[in-house]
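# Inside the fold
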Amino acid sequence: FVGCDISSNTMRTPNTSKGAGVHINSSTTDFDSCTVNGNFGGRGIATDGNSGNTYFWYGEINGNTHGGIRSACNRFDIRYSTINGNSSTDHGGAANCNWGVLYIYRCEVNDNLSSQEGGGVYSSGTTYVYYSTFSGNTASNGGAVSNHLYFRTHGSVYTLNQAGTYGGAIYMYGTTYVGECTVAGNTAANTGGGLYAHSHGTGGHTRSTIVRNNSPN
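Structural notes, computed from the coordinates.

How each quantity is defined
- Residues numbered from 1 in each chain as written.
- Predicted model: local features only at pLDDT ≥ 70, side-chain atom pairs only at ≥ 80, totals over all residues.
- Heavy atoms only, no water.
- Helix = DSSP H or I, 4+ residues; strand = E, 2+ residues; numbered from the N terminus.
- Rg over C-alpha atoms; globule rule 2.2 N^0.38 Å.
- Buried < 20%, exposed > 50% of the residue type's maximum accessible area, 1.4 Å probe, protein only.
- Areas by Shrake-Rupley, 256 points an atom, 1.4 Å probe, with all protein chains shown as cover.
- Contact = heavy atoms within 4.5 Å.
- Polar contact = N/O pair within 3.5 Å; in protein donor to acceptor, adjacent residues only side chain to side chain.

Turning our eyes to something else, we now look at the overall build of the protein. When helices and strands are tallied, the protein shows 0 helices and 26 strands. Here the C-alpha atoms of the protein give a radius of gyration of 16 Å, agreeing with the 17 Å that 2.2 N^0.38 yields for 217 residues. Along the first, second and third principal axes, the C-alpha atoms of the protein reach 45 × 30 × 25 Å. Counting every position in the protein, which comprises 217 residues, the buried fraction comes to 54%. Within the structure as shown, the protein displays about 8,400 Å² of accessible surface, and the carbon and sulfur contribution to it stands at 46%.

Right under this line is the structure:
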C-alpha cells in the first residue's frame, strides 16, 4: 500500500481483534505514507497469529473508534507516524501487542483512550519504543503503557497521561526497561503517578528524568 487512504470503514459486528480498515492474515504487508483514520467497529489495522511482518512508515492511524492497531504477527514495525485519538473498550487504545514484536520509532502516540489498560500501548508480547512521544493518553492502568511481558523504551517522552488506578505513564507488570526518557506531569488516581511497578514486574531505569507526576498514595 503506497499513499492510500483507508478511512471511514465500518465493521457491522464490532470486534477489537479484527481490522475495520485492514485485516492482515498470513502475509507480509508494507504501508508507505498511508492514512488509516476514522474506522469503526474494529481496529484501524489488525494482524492475526499467522501473519508475517507488517511495516507502517510515514503515515497516520488516527481516530479509529475500536483501537488503532492490533499486533499479533512476527513483527509490526511503525516509524515516523502518528497514532492519535484512537479509543478502545479493550486493552490498548492506540496499539495492542497481543504477541510477537511491536516496534515504534519516532512516532507520536497522543490522546488515545482505553477503558481497560494501556491508553497508548498494551503489551502482552515484546514492545520497543524509541524516540517517541506519548502524551494525553488515558486508561485504567498505564495511561501511556501497560506492560505484561516485555517493554523497552529509550529516548522517549511521556507527559500528561492519566491512569484511573495505577501508573499514570507506565504500568509495569512484566519486564520493563526505561532509558534516557522523560516522564513528567502524569497522574494516577491511586498509586504511581509516573511509574507503577507491580510485584511481578522486573527491569531497570537508566538516566531518565521522572518529575512532577501526581498520585494520592
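Time to look at the environment of His91. Along the chain, His91 turns up in the loop between strand E8 (87–88) and strand E9 (95–105). Put simply, His91 and Leu113 are 22 residues apart on the chain and 9.3 Å apart in space, counted from C-alpha to C-alpha. Setting aside anything within four residues of it in sequence, one finds His91 in contact with Arg43, Asn96, Ser114, Gln116, Glu117 and Tyr122. There is a polar contact of 3.4 Å between the side chain of His91 and the side chain of Gln116.

This part covers the environment of Gly63. One can find Gly63 in the loop between strand E6 (60–62) and strand E7 (69–79). For Gly63, a relative accessible area of 30% translates into the label partly exposed. Here the alpha-carbon distance between Gly63 and Asn39, two residues 24 residues apart in the chain, equals 7.4 Å. When neighbours within four sequence positions are excluded, Gly63 is seen to be in contact with Gly38, Asn39, Asn84, Gly85 and Asn86.

Without other data, these values stay purely geometric and don't point to any function.
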